[in-house]
Structures are given as C-alpha cells and as structure tokens.
Amino acid sequence: MHEYPITLRIVEIANQQANEANGRVTGIHLVVGDESGFIGESIQMYFDVIAEGTPCEGASLSIERVRPKLQCTACGRYFERRPFSFSCPFCGGDGRPTKIGKEFYIKDVELEVD
Ligand SMILES: [Zn+2]
C-alpha cells in the first residue's frame, strides 16, 4: 500500500528526465533490498497505472532484488541469513545486520529521444 507514493515519485523523476531530454522513458531500473520496506511486485503493479498518459507509459520496469546479508562479528565475513539462524556458515560466530538488503534507489532511467 505504501508503495503508491514511492512509485509516484519514481515516475515523476523519470518523467522529468524525459522532459528535459525531450524524449520518452523506455525503461527504469530499480534496486530494491528485501529489507527496504518496499515490495517490488507492488511497485510494478502501481507503475503501470501511474505511468499511463505520461512519458513513462509503456516503459519497462526492471527490479533488481537484493537479499539481506549479515556480517560475522568473529571473522568479519558477509553471508546470507538462513532460516532461524544468525550464525556464520564459515566459523559459527554471531552475525549482525548490515545495510545490505536495505537498498532502495533508481539505478538507471533509459530514454528514447526522437
Ligand atoms: Zn564467521
């Protein structure tokens, strides 16, 4: 549900770039971490509705998911958390949360200029 305003913002940013270049948007590439608080499928769903009638209409939205990683407090390595476990697969130490998996940004906007 809260993906609506963020999707609106993404379309605004892409439309602005298209207007400045006097073109239209053909593709948007997003990076969305699994722990960013946003769900890629919902953004996709809102995108088609919001993009209609704007330079973003018909653009493809590609979403790159990032899986969260923990960092081991003992050996310092990064690893993906397994279900019900925070322990390091390399040394058995305790993993702590990192920023990996909390990403949310527009990586690229592709434009087509006549
Ligand atoms: Zn470790």
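My aim in this report is to walk through the structure given alongside it, one point at a time. Just so we're clear, the structure is a prediction, and the values are computed from it rather than from any experiment. (Residues numbered from 1 in each chain as written. Predicted model: local features only at pLDDT ≥ 70, side-chain atom pairs only at ≥ 80, totals over all residues. Heavy atoms only, no water.)

What to know about the environment of Glu112
- As for its placement among the helices and strands, Glu112 is situated in strand β6 (residues 104-113).
- When the C-alpha atoms of Glu112 and Asn15 are compared, they prove to be 12 Å apart, with 97 residues separating the residues in sequence.
- In contact with Glu112, not counting residues within four places along its chain, are Gly23, Arg24 and Thr26. (Helix = DSSP H or I, 4+ residues; strand = E, 2+ residues; numbered from the N terminus. Contact = heavy atoms within 4.5 Å.)

Some thoughts on the pairing of strand β1 (residues 23-33)
- Within β1, 8 of the 11 residues are buried, leaving the element largely enclosed by the surrounding structure.
- Bridge count between β1 and β6: 9 bridges; the pairing is antiparallel. Bridged to Val32 within β6 is Phe104.
- Alignment of β1 against strand β2 (residues 60-66), held across 7 bridges, turns out to be parallel. Across the sheet, Val31 pairs through a bridge with Glu64, a residue of β2.
- For the crossover from β1 across helix α2 (residues 40-51) to β2, the handedness is right-handed. (Buried < 20%, exposed > 50% of the residue type's maximum accessible area, 1.4 Å probe, protein only. Pairing = 2+ DSSP bridges. Right-handed = clockwise from strand over helix to strand, strands pointing away.)

Everything listed here is a matter of coordinates, which is why it stays silent on function.
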